[in-house]
Amino acid sequence: RIKIGIALAVYDFFAGARSRRWRDAQALLTEVPVVAPDDLQGGWSYADAETDDARLVLRVLQEAQAHGAIAVNYLAVEDLLRGAGGVEGARLRDAETGETFEVAARLVVNAAGVWSDRLRDKIGAAPKLRPLRGSHLLFAADRIPLSQALGFFAQGDGRPIFAVPWEGAVLVGTTDVDHHADLDDEPRISREEFDYLLTSAQREFPTLGLRESDIVSTWAGVRPVVASGAHVDPSRETRDHLIVGEGGLLTVTGGKLTTFRSTAVAALRKAAARVPALARASETSCVFAPVAQRLEGAPPDIARRLIARYGAGAPDVMKAAQPGELETIGPTRTVWAELRWAFRAEDVLHLEDAMLRRTRLGLLIRNGAGETLERVGAIACAETGWNDARWRSETERYRALIARCYSLPADA
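So, a few notes on the structure that sits alongside this text. Position numbers for residues count from 1 along each chain, tracking the sequence in the order it is written. In keeping with the predicted nature of the model, local features appear solely for residues at pLDDT of at least 70, side-chain atom pairs appear and are counted solely at 80 or more, and the whole-chain, interface and lining totals rest on all residues. The side-chain values count all of the structure's non-hydrogen atoms but skip hydrogen atoms and water molecules.

1. With respect to the overall build of the chain
Next up, step 1: Comment: elements are numbered from the N terminus, with helices defined as DSSP H or I runs of at least four residues and strands as E runs of at least two. Summing up its helical and strand segments, the chain has 14 helices and 14 strands in all.
Next up, step 2: Based on C-alpha atoms, the radius of gyration is set beside the globule rule, defined as 2.2 Å times the residue count to the power 0.38. Here the C-alpha radius of gyration of the chain, 23 Å, is about what a compact globule of 412 residues would show, namely 22 Å.
Next up, step 3: Dimensions of the chain, computed from the C-alpha atoms along their principal axes, are close to 70 × 55 × 45 Å.
Next up, step 4: Counting the 412 residues in the chain, one finds 42% classified as buried.
Next up, step 5: Contacts are assigned to residue pairs with any non-hydrogen atoms lying within 4.5 Å of each other. Partitioning the contacts of the chain with sequence separation of at least 6, the portion at a separation of at least 24 is 60%.
Next up, step 6: If you sum the accessible surface of the chain, you get close to 22,100 Å²; carbon and sulfur atoms cover 53% of it.
Next up, step 7: Here the positive residues are Lys and Arg and the negative ones are Asp and Glu; neither His nor the chain ends is included. A single reference atom marks each charge: NZ on Lys, CZ on Arg, CG on Asp, CD on Glu. In the chain, the 51 positive side-chain charges and the 56 negative ones have mean positions that sit 4 Å from each other. Categorising residues by exposure relies on relative accessible area from a 1.4 Å probe, with only protein chains included: less than 20% of the type maximum marks a residue as buried, more than 50% marks it as exposed, and the intermediate range marks it as partly exposed. Note that accessible areas follow from Shrake-Rupley with a 1.4 Å probe, and for residues the cover is restricted to the protein chains shown.

Structure, rendered in C-alpha cells:
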C-alpha cells in the first residue's frame, strides 16, 4: 500500500490534481465483487485514460497529412543513400509490387520501432534495442464483469497485470518476455504466456470459473525497449526513449505511448541541426486540430466515438454511411460505417488492415469476426473494386493469420 501510494502521489503531483484514493477491502469488494477476498487488504483507485493505439497512430498520420505530409503504406526502406554529408536519402521498395526507387533527403528519421537497429546496422552502428514481447487475452465482457480497470499482481513473479474493459470486451495483460522470433513475422502469444495470464485471471476472479473456451482472442506486440546492457529481468528494463543522430540518420525509438508527443518534439529539435525550421517544434501547441463537438444525425454515443476517433473527418464518415451502417457490429462498439470508411479512405491494402488495425473487429469477435465476412466482403468489394477472386484470396490469407497469431496457441 505504501509503495503504490507514493507512486500515485508522484502521478498526482505532475498532474496538478489529486485522484488517488485508498479503498479498504469492504469498499473494494462492494465495487468489484468478483475479486478474490482472501487476504485482501484493499486497493488504490486513481484516474487514468485509455485509447485504441492503432487509431491514435492513424489520427496522428491524418493530422500530418493535413499539414502536407505524404504517408505511404506498405513501403519499406531497403537501403540508405550515403554521400559526403553522411546519409542523404533512402532506397525504398513497394512491398506490393516490388518496385524500388530512391528519395533524396536532408535528413532521414528512423522511427521504425523494433526494426530501428536493422536500419542503424546499415551505417555500421551497434545495436541498442532489446525487443520485448507483451501478450494479451481478450474475454467477452459478460465473463469478467468489470465497470473499471483493475490492476493486480501475479503470483510468483509479482508483475502487475491489468483487466481492462475495452471496446465492449475485457482484455487481460500484459506479459514481458524477450522476443527471439523473426521481427518480420507477426508476433503471437506463447503457451507459457497464455497459461500465465489465464492462471492469473482465474486466481484473481475465482468465482467466475474462467476457462480457455471463454477467451475470444489473443494478441501480442513487440516493444522497442532500450537495452541497459545488463542481464536484468525484462520488466526491470527502463522505458526511456532513445534519440540519437548518426551522420544524417536520426533514430527515435523506445519510450512509451504516453510520452510520444514530448519524444517527438525532442526529436524534431535535434533534427533542427540539419533542417533548421524544425526548431520551432513546441510542446505547448495542440496535438490535434480542434474539431466540432457535435455531429448531426448520429446518436450521442456514436457521435462521441466518431469525433474522438476521426476528428475533423467524422462528418465524412457519417456521409459515407449507408442505411443501417450506424448500427454496432455484434457485441462491439464499432459501427459498420467505420468499416466502410476504412476501405474507402484509410489505405487498406489487405483485409487484415481493416479488421485488425483500422477497426478491431478481428480481435473483438471470435474467429476473427468470421461470421461478419459476408457483409464485410460486400463493403470491401464495393469500395475497393476487388473481384471475387481477390476477395477469396484475401479471406484465405486473413483466416490463416487469425489462426496463426490471434487465436489460442496451437497446443492450447
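2. What about the pattern of salt bridges?
Next up, step 1: The salt bridge criterion pairs a side-chain nitrogen of Lys or Arg with a carboxyl oxygen of Asp or Glu, the two atoms within 4 Å. Going through the model one piece at a time under the given rule, you end up with 32 salt bridges.
Next up, step 2: Here Arg305 and Glu167 are joined by a salt bridge, their closest N and O atoms 3.1 Å apart. Separated by 138 residues along the polypeptide, Arg305 in helix α7 (residues 300-310) and Glu167 in the loop between β9 (160-166) and β10 (169-173) bring together distant segments of the chain. When sorted by exposure, Arg305 lands in the same class as Glu167, which is buried.
Next up, step 3: A salt bridge links Arg191 to Glu212; the nearest nitrogen and oxygen atoms lie 2.8 Å apart. Residue Arg191 is found in helix α5 (residues 191-204), and its partner Glu212 is found in the loop between α5 and β12 (215-226); the two are separated by 21 residues along the sequence.
Next up, step 4: Residue classification places Glu212 among the partly exposed residues on the basis of a relative accessible area of 27%.
Next up, step 5: Residues joined by salt bridges that share partners form a network here, namely Asp52, Asp53, Glu167, Arg305, Arg309, Glu338 and Arg360.

3. Here's the deal with the layout of surface pockets
Regions of empty space are outlined by a rolling probe, equal in size to a water molecule, passed over the atoms.
Next up, step 1: Here a cavity is any set of points on a 1 Å grid over the protein atoms alone where a 1.4 Å probe fits but cannot get out, and a pocket is any open set with protein on both sides within 12 Å along at least 5 of 7 lines; a residue lines the site when it has an atom within 4 Å of a point. Grid points are joined across faces, edges and corners, and a volume is the space filled by probe spheres set on the points. The computed volume of the second largest pocket comes to approximately 400 Å³.
Next up, step 2: Taken together, 14 residues make up the lining of the second largest pocket; nearest its centre are Glu50, Thr51, Asp52, Ala308 and Arg309.
Next up, step 3: Residue assignment for the lining of the second largest pocket shows that the elements contributing at least two residues are α3 (53-66) and α7.
Next up, step 4: For the lining of the second largest pocket, the leading source of residues is α7, giving four residues.
Next up, step 5: Classification used: nonpolar for Ala, Val, Leu, Ile, Met, Phe, Trp, Tyr, Cys and Pro, charged for Asp, Glu, Lys and Arg, polar for all others including Gly. A breakdown of the residues in the lining of the second largest pocket according to their chemical character gives four nonpolar, one polar and nine charged.

4. So, the sheet that holds strand β14 (residues 249-254)
Next up, step 1: Two strands are counted as paired when DSSP detects at least two bridges linking them. Within the open sheet, the three strands sit side by side as β6-β14-β13. Their pairing is mixed. Looking at strand neighbours, the two that pair on one side only are β6 (108-110) and β13 (241-246), the edges of this open sheet. When strand polarity is set aside, the average angle formed by the axes of neighbouring strands in this sheet is 15 degrees.
Next up, step 2: The axes are straight lines fitted to the C-alpha atoms, using for helices just the contacting stretch, and the angles between their N-to-C directions are given from 0 to 180°. Set on the sheet, helix α6 (residues 260-271) makes contact with β13 and β14; between it and β13 the angle comes to about 15 degrees.

5. What to know about the side chain of Thr334
Next up, step 1: Note on placement: Thr334 falls in the loop between α8 (314-320) and α9 (336-345).
Next up, step 2: There is a polar contact of 3.3 Å between the side chain of Thr334 and the side chain of Arg305.
Next up, step 3: Apart from the residues within four sequence positions on either side, Thr334 is in contact with Glu167, Arg305, Glu327, Thr328, Ile329, Thr359 and Leu361. Whenever a nitrogen or oxygen atom comes within 3.5 Å of another N or O atom, the pair is scored as a polar contact, on the condition that within protein one atom can donate a hydrogen and the other can accept it, and that pairs from neighbouring residues in sequence are kept only if both atoms are in side chains.

6. Focus on the environment of Ala321
Next up, step 1: Within the secondary structure, Ala321 is located in the loop between α8 and α9.
Next up, step 2: With a relative accessible area of 22%, Ala321 lands in the partly exposed category.
Next up, step 3: Spatially, the C-alpha atoms of Ala321 and Trp341 are 8.2 Å apart, while their sequence positions differ by 20 residues.
Next up, step 4: Apart from residues no more than four positions distant in its own chain, Ala321 is found in contact with Leu326 and Ala337.

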